[in-house]
Amino acid sequence: MTESIASEVRALTFDVFGTVVDWRSSVIREGQQLGDAKGLNIDWARFADEWRGGYAPAMDRVRQGELPWTRLDELHRMTLDRLLDDHGLADCLDETEKDHLNRVWHRLTPWPDSAEGLSKLKQRYVLATLSNGNVSLLVNMARNAGLPWDCVLSSELAGHYKRDPEVYQMAMRLLDLKPSQVMMVAAHQDDLQAAYRQGMRTAFIKRPLEHGPDATPDLSIDPRFDFVAEDIIDLARQLL
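Cut-off values and rules
Residues numbered from 1 in each chain as written. Predicted model: local features only at pLDDT ≥ 70, side-chain atom pairs only at ≥ 80, totals over all residues. Heavy atoms only, no water. Axes fitted to C-alpha atoms, helices over the stretch in contact; angles between N-to-C directions. Helix = DSSP H or I, 4+ residues; strand = E, 2+ residues; numbered from the N terminus. Parallel < 35°, antiparallel > 145°, perpendicular 65-115°, else oblique. Left-handed = near helix turned anticlockwise from the far one by under 90°. Contact = heavy atoms within 4.5 Å. Nonpolar A, V, L, I, M, F, W, Y, C, P; charged D, E, K, R; others polar. Pairing = 2+ DSSP bridges. Salt bridge = Lys/Arg side-chain N within 4 Å of Asp/Glu carboxyl O. Buried < 20%, exposed > 50% of the residue type's maximum accessible area, 1.4 Å probe, protein only. Expected span 1.5 Å × (residues − 1). Phe/Tyr/Trp six-rings, centres within 6.5 Å; stacked < 30°, edge-to-face > 60°. Lys NZ or Arg CZ within 6 Å of the ring centre and 35° of its normal.

Asker: In this structure, what is going on with the packing of helix H2 (residues 23-38) against helix H3 (residues 44-53)? I would like to understand it.
Answerer: Relative orientation and spacing of two packed helices are given, respectively, by the angle between their axes and the distance between those axes. At their nearest, the axes of H2 and H3 sit 9 Å apart, and the two run at 130 degrees to each other. If you check the angle between H2 and H3, you find them oblique. Relative to H3, H2 is oriented so that their crossing is right-handed. Taken together, the residues of H3 that come into contact with H2 (itself represented by Trp23, Arg24, Val27, Ile28, Gly31, Gln32, Leu34 and Gly35) are Trp44, Ala45, Ala48, Asp49, Trp51 and Arg52. Here the contact of H2 with H3 is built from residues that sort into 8 nonpolar, 3 polar and 3 charged.

Here it is as structure tokens:
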């Protein structure tokens, strides 16, 4: 069964934050560098978690019409400004430093298996992002991290955020493929479940450390998922 699915699929669309790149370690590392340079005594692990924690609520403001369509860069900046106030840092950084910190999301480091796994998969499949990151963010990240995408698809192109169905429909339309020919790859079950509802194939990548060593992520397996992999190299082994 899995062999027939693998042979039918033509393109793999990837969630990026947490699935392909290690956002938490990247934000902590750059925060610590900034803190050392500026003499700031901040718990950057907590700061990173709080920043990421503002991600879903900010997108919900767009979904609910409280905000017009707003790119993720701007949503990240809104959350960052609030956190800087909360941590007493608003006056410690100038505008250039704040903008640079906000763009840490453009510079996230991939998981150790990502580049190799993607390169293997690229031999057979079209590889695309399908991320809530805006296009410029995803392009800059790919160039910085050496991620070999064939194309960059973003929620920005649909004017909706995942898990809205319009995002998955946009990807299939732009790739000119049937739902069964496109596989969503993600470390987040709700992302895969939303893709499944649009008829897409699904692959679950386990990322137990996405939220740090003390987190307890849900690694249970939804039986509707077509593939379950330990990492992207493991997914390549199963698909190739």
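Asker: Could you clarify how one ought to interpret the sheet that holds strand S4 (residues 182-186) in this entry?
Answerer: Pairing in this open sheet of 6 strands is parallel, and the strands run S3-S2-S1-S4-S5-S6 from one edge to the other. Edge strands, defined here as strands with exactly one partner in the open sheet, are strand S3 (151-154) and strand S6 (227-229). Pairwise comparison of adjacent strand axes, ignoring direction, gives a mean angle of 25 degrees for this sheet. Where strand S5 (residues 201-205) meets S6, 3 bridges bridge the pair, whose relative direction is parallel. Looking at the pairing, alanine 203 lines up with phenylalanine 227 of S6. Of the strands in this sheet, strand S1 (11-14), S4, S5 and S6 touch helix H11 (residues 232-239), which is tilted by about 140 degrees from S6.

Asker: Before we go on, may I ask you to explain the pattern of salt bridges in this structure?
Answerer: Charged atoms that come close allow side chains of opposite charge to pair. The final tally for this structure, using the stated rule, is 23 salt bridges. Ionic pairing is found between arginine 77 and aspartate 81, a salt bridge with its closest N-O pair at 2.8 Å. Note that arginine 77 and aspartate 81 are positioned in helix H5 (residues 72-86) at a spacing of 4 residues, about one turn of the helix. Of the residues examined, arginine 77 reaches a relative accessible area of 17% and is grouped as buried.

Asker: Sorry, what's going on with the environment of isoleucine 233 here?
Answerer: When you line up the elements, isoleucine 233 lands in helix H11. Since its relative accessible area comes to 13%, isoleucine 233 is described here as buried. A C-alpha to C-alpha distance of 8.5 Å links isoleucine 233 and leucine 121, two positions 112 residues apart in sequence.

Asker: Just to check I follow, could you spell out H5 for this structure?
Answerer: Structurally, the α-helix is built with 3.6 residues per turn, so residues lying three or four positions apart point the same way. Look at H5: 21 Å from first C-alpha to last across 15 residues, which is about the 21 Å you get at 1.5 Å a residue. Inspection of H5 places Leu72, Asp73, Leu75, His76, Arg77, Thr79, Leu80, Leu83 and Leu84 among the buried residues, and these make up the whole buried set. Buried residues in H5 make contact with H3, helix H4 (55-63), helix H6 (95-102) and helix H8 (135-145). Count one or two residues on from H5 and you reach glycine 88, which has phi positive near 70 degrees.

Asker: What is the right way to look at the packing of aromatic side chains in this model?
Answerer: Any pair of aromatic rings gets described here by the distance separating the centres and the angle formed by the planes. Inspection of the entire model under this criterion finds 9 aromatic pairs. Ring centres of phenylalanine 17 and tryptophan 105 lie 6.0 Å apart, and the angle between their planes is 85 degrees; this geometry places the pair in the edge-to-face category. Note that phenylalanine 17 is positioned in the loop between S1 and H2 and tryptophan 105 in the loop between H6 and helix H7 (114-122), a separation of 88 residues in sequence. Considered together, phenylalanine 17 and tryptophan 105 belong to a single accessibility category, that of buried residues. When the centroid spacing of 5.8 Å and the interplanar angle of 40 degrees are considered together, the rings of phenylalanine 204 and phenylalanine 225 count as tilted. Placement of phenylalanine 204 in strand S5 and of phenylalanine 225 in the loop between S5 and S6 is noted, with a sequence separation of 21 residues between them. Of the aromatic side chains, those joined through ring pairs into one cluster are Phe17, Trp23, Trp44, Phe47, Trp51, Tyr55 and Trp105. Across the ring face of tryptophan 23, the terminal group of arginine 52 is positioned such that the distance to the ring centre comes to 5.3 Å. Across from the ring centre of tyrosine 55, 3.9 Å away, lies the NZ or CZ of arginine 52, which sits over that ring.

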